[in-house]
Amino acid sequence: MSYPQTKRVGIVGGGVSGIAAAKAFRAQGHDVVVFERLPSIGGVWHPGRSYPGVQTQSPKELYRFTDLAYPEECPEWPSGEDVRAYLQRYVAMHDLARLFRFNSAVTSMEEVPGGRGWVLHIQDTSVAAREYQMRFYFVVVCTGTFTDKRTVDWPGQDDFLGAGGIIVHSSEYKDLREEDLDEKHVVIIGGSKSATDIAVHAAKHRNAKKVTLVMRRNVWRVPRFILGVVNFKHLLYMKAQEVQFPGWNVPGFSILAKLVWLMVAPLIWLNFRMLEILLICQLRLRKFGMVPDKKIEDCVSCSIPIVPVGFFDMMAEGRIASIIGSVHRYEANVEKQLVLGNGEGVKADVVIQATGWTMDLSFLPEGVKNKLIDGEDGLFRLHRFAVNPSVPNIGFVGLNSSFCSVLSSEMIANWLVRFVDGQLANPKSPEEMEVDMERILKWKREVFPAAQVYNGNCIAPFHHLHFVEILEDIGATVKYSAMFTYPRADRYGECLRSAPSYAVKQGFKWNRRESTATEATHCESFSEDEQPRLVSSTFST
């Protein structure tokens, strides 16, 4: 019998996806090191990156790993502190802490000649200007889609700041003092979840005089409880709802399938119109001028926000307002304000840019990025949202963003380790992967444009479809077939555990044999107690 061998695996990023990757690769006996540029785990949940009052977008049953539930006393929508505590428990449960190197930023990487891995260049920020290199057979990129703050400069900014105005990114809201917001006019640029969360917090807890959201367009929003009674997870995330969207798994229709589709299409149309009416009425969208122009079935993706408690009540009270428009400039001649594209002025003492984040892959070689990212529109070319056959020995965990991103990271991490070990039950050839990537890119552009959010790295609303593909690839014998439930992490855990088990051979060094894109088995293997080798280290003073 042929056994895959222990590999040295470098993981970039210590958030949810990095933790999932570390657990999956370490569980198979690989030699793992995780590099995290922040002082502790958490990624987007790290205190330095979040804001007061932050909570999960999804209920706790949709934001968990398969083998660990949140404590019963944890609220249905966990706070940032709850999530960090949960991740710490998970790391301790699987003895992963020793794998992490904090304050360690990967600045660049270069391929080892002969396709034998990668050398990572690491900046250790805990020691003044310490830089070193480490060599790995396989690199897992887990930096996610939210890496660096996206900010916007408009004309007049310096005058606005000089007049005492304040401009911060949403992640810096926590740094504002009480007096910065007390009885002040606060303008928030954006209409995302972070924008509405901060609007409620500023009005309720910081005594802002008025909070105004400036948005380019209205978007569909979902309340935590439909009609104030039914948790939205029971309606919007079930497979029966998912199959009403045109998924990427149907390249074409037979005549019979087209006839069936014509029969059910009116019912699907009616379902979405009823959902729109329900949301318009429950959230009073027409009253506040917040009814979107697009149909809801054309907008559902990872970016659809959940309404924070009290948001629309505060709009009814006049404490929060929203304006559709774009910022043209800052102004501070008579009074501090933002001037919109239509000439309208909006009073502003504090401007909070809830303008999102950008994905930073600057450490990847340009040649690699050119193969990964399509030059036409920036969409990623990834098979199963994880690998590209033309880029050897690199994989991604966390680019399958979803409404249940902890579970989706764990699912793809389990797929990726089997891909690396050549243990997929149903692997595709490099040619088949290329065809599949092209097909899905075409689907994102022509059939379901909402899937282009986050550079195309979003599986919502097709959670079950994505997970089924993963389970089929790894040869899971237990199927998840429920049509009327949300993605249950514990049940998907049973499915993962039903995949064929395999052993990883340890204790051999520099053992190499030829491999293919679907069976990456030539490697450098190391004994269990050997620490990753430091290639070089430089210090500057």
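Per chain, the residues get numbers from 1 upward, laid out in the order the sequence is written. For this predicted model, a pLDDT threshold of at least 70 governs which residues receive local features, and a threshold of 80 or more governs which side-chain atom pairs are given and counted, while totals over whole chains, interfaces and linings are taken from all residues. No hydrogens and no water enter the side-chain calculation; it runs on all heavy atoms of the structure.

## Quick look at the overall build of the protein
For helices the rule is a DSSP run of H or I covering at least 4 residues; for strands it is a run of E covering at least 2, with both sets numbered from the N terminus onward. Helix and strand counts for the protein come out as 14 helices and 21 strands. A globule of 541 residues ought to have a C-alpha radius of gyration of about 24 Å, and the protein, at 24 Å, matches this closely. Projected onto its principal axes, the C-alpha coordinates of the protein cover approximately 75 × 75 × 50 Å. Three labels apply to residues, based on accessible area from a 1.4 Å probe with only protein chains included: buried if under 20% of the type maximum, exposed if over 50%, partly exposed otherwise in between. Per-residue burial for the protein yields a buried fraction of 55% across its 541 residues. Residue contacts are counted whenever heavy atoms from the two residues lie within 4.5 Å of one another. In the protein, the share of contacts with a sequence separation of at least 24, taken over all contacts with a separation of at least 6, comes to 70%. On the protein, roughly 23300 Å² of surface is accessible, and the fraction owed to carbon and sulfur atoms is 53%. Taking the average place of the 61 positive charges on the side chains of the protein and the average place of its 61 negative ones, the gap between the two points comes to 2 Å. Two things to know: the radius of gyration comes from C-alpha atoms, and the globule rule equals 2.2 Å times the number of residues to the power 0.38. Using a 1.4 Å probe, accessible areas were evaluated by the Shrake-Rupley method; residue-level cover was limited to the displayed protein chains. Note on charges: Lys and Arg go in the positive column, Asp and Glu in the negative column, and His and the chain ends are not counted at all. Note on charges: their place is set at NZ of Lys, CZ of Arg, CG of Asp or CD of Glu.

## A short note on the sheet that holds strand E9 (residues 166–169)
Only when DSSP finds a minimum of two bridges between them are two strands counted as paired. With parallel pairing, the 5 strands of this open sheet are ordered in space as E9-E18-E10-E11-E14. With partners counted over all chains shown, the strands left at the sheet margins are E9 and strand E14 (320–324), one partner each. Between one strand axis and the next, the sheet turns by 20° as a mean value, whatever way the strands run. Judged from the 5 bridges that link them, strand E10 (residues 185–189) and strand E11 (residues 210–215) form a sheet pairing that is parallel. For Ile-188, the partnering residue across the bridge sits in E11 and is Leu-213. Angles shown run from 0 to 180 degrees and are taken between the N-to-C directions of axes, each axis being a line fitted to C-alpha atoms and, for helices, limited to the stretch in contact.

## Some points on empty space enclosed by the protein
Cavities and pockets are found on a 1 Å grid laid over the protein atoms alone: a cavity is a set of points where a 1.4 Å probe fits but cannot escape, a pocket is an open set with protein on both sides within 12 Å along at least five of seven lines, and a lining residue has an atom within 4 Å of such a point. Grid points are joined across faces, edges and corners, and a volume is the space filled by probe spheres set on the points. The tally for this structure, following the rule as stated, stands at 3 cavities of 30 Å³ or more. Counted as a void, the largest cavity has a volume near 190 Å³. If you trace the largest cavity, you find 15 residues lining it, with Leu-236, Tyr-237, Val-300, Ile-304 and Phe-403 closest to the centre. Approximately 70 Å³ is the volume found for the second largest cavity. Gly counts as polar in this scheme, as do all residues outside two lists: the nonpolar Ala, Val, Leu, Ile, Met, Phe, Trp, Tyr, Cys and Pro, and the charged Asp, Glu, Lys and Arg. Residue composition of the lining of the second largest cavity, grouped by class: 6 nonpolar, 2 polar and 2 charged.

## Comments concerning the packing of aromatic side chains
Aromatic rings from Phe, Tyr and Trp, taking only the six-membered ring of Trp, are treated as a pair when their centres fall within 6.5 Å; an angle between ring planes under 30 degrees marks them as stacked, one over 60 as edge-to-face, and anything in between as tilted. Per the stated rule, a full pass over the model turns up 29 aromatic pairs. Taken together, a centroid distance of 5.3 Å and an interplanar angle of 10° make the contact between Trp-415 and Phe-419 stacked. Taken together, the positions of Trp-415 and Phe-419, both in helix H11 (residues 405–420) and 4 residues apart, correspond to about one turn of that helix. Grouping residues by exposure puts Trp-415 and Phe-419 together as buried. A network of ring pairs unites the aromatic residues Phe-245, Trp-248, Phe-272, Phe-385, Trp-443, Phe-448 and Phe-462 as a single cluster. The ring of Trp-357 is capped by Arg-49, whose NZ or CZ atom sits 4.2 Å from the centre of that ring. Two conditions define a charge located above a ring, namely a distance within 6 Å from the ring centre to NZ of Lys or CZ of Arg, and an angle within 35 degrees of the ring normal. A cation over a ring is seen here: Arg-491 above Tyr-480, with NZ or CZ 4.8 Å from the ring centre.

## Structural notes on the pairing of strand E6 (residues 130–136)
The buried fraction of E6 is high, at 5 of 7 residues. With 7 bridges joining them, strand E5 (residues 118–124) and E6 adopt antiparallel strand pairing. Directly across from Ile-122, in E6, lies its bridge partner Tyr-132.

## What to know about the packing of H11 against helix H14 (residues 489–497)
Two packed helices can be described by the angle between their axes and the distance between those axes. Packing of H11 against H14 leaves a shortest axis separation of 11 Å and a crossing angle of 5°. As far as their axial angle goes, H14 and H11 are roughly parallel. Residue-level inspection shows Leu-407, Glu-410, Met-411 and Asn-414 of H11 in contact with H14, the latter providing Ala-489, Tyr-492 and Leu-496. By definition in this entry, angles of less than 35 degrees are roughly parallel, angles greater than 145 are roughly antiparallel, angles of 65 to 115 are roughly perpendicular, and the rest are oblique.

## Topic: the environment of Gly-356
Mapped onto the fold, Gly-356 is located in the loop between strand E18 (350–353) and strand E19 (357–358). On the basis of relative accessibility, which here comes to 24%, the residue Gly-356 falls in the partly exposed class. Expressed as a C-alpha distance, the spacing of Gly-356 and Phe-35, which sit 321 residues apart in the sequence, is 24 Å. Look past the residues within four positions of Gly-356 in its chain and what remains in contact with it is Lys-149, Arg-150 and His-169.

## Some remarks on the pattern of salt bridges
A pairing counts as a salt bridge when a side-chain nitrogen of Lys or Arg comes within 4 Å of a carboxyl oxygen of Asp or Glu. According to the stated counting rule, one finds 30 salt bridges in the structure shown. Among the salt bridges present, the one from Arg-273 reaches Glu-276, with a minimum N-O distance of 2.9 Å. With a gap of 3 residues between them, Arg-273 and Glu-276 both fall in helix H8 (residues 255–283), about one helical turn apart. Residue Arg-273 is classed as buried on the basis of its relative accessible area, which comes to 13%. With relative accessibility at 12%, the residue Glu-276 sits in the buried group. The structure contains a network of salt bridges with shared partners spanning Arg-384, Asp-436, Arg-439, Glu-469 and Asp-473.

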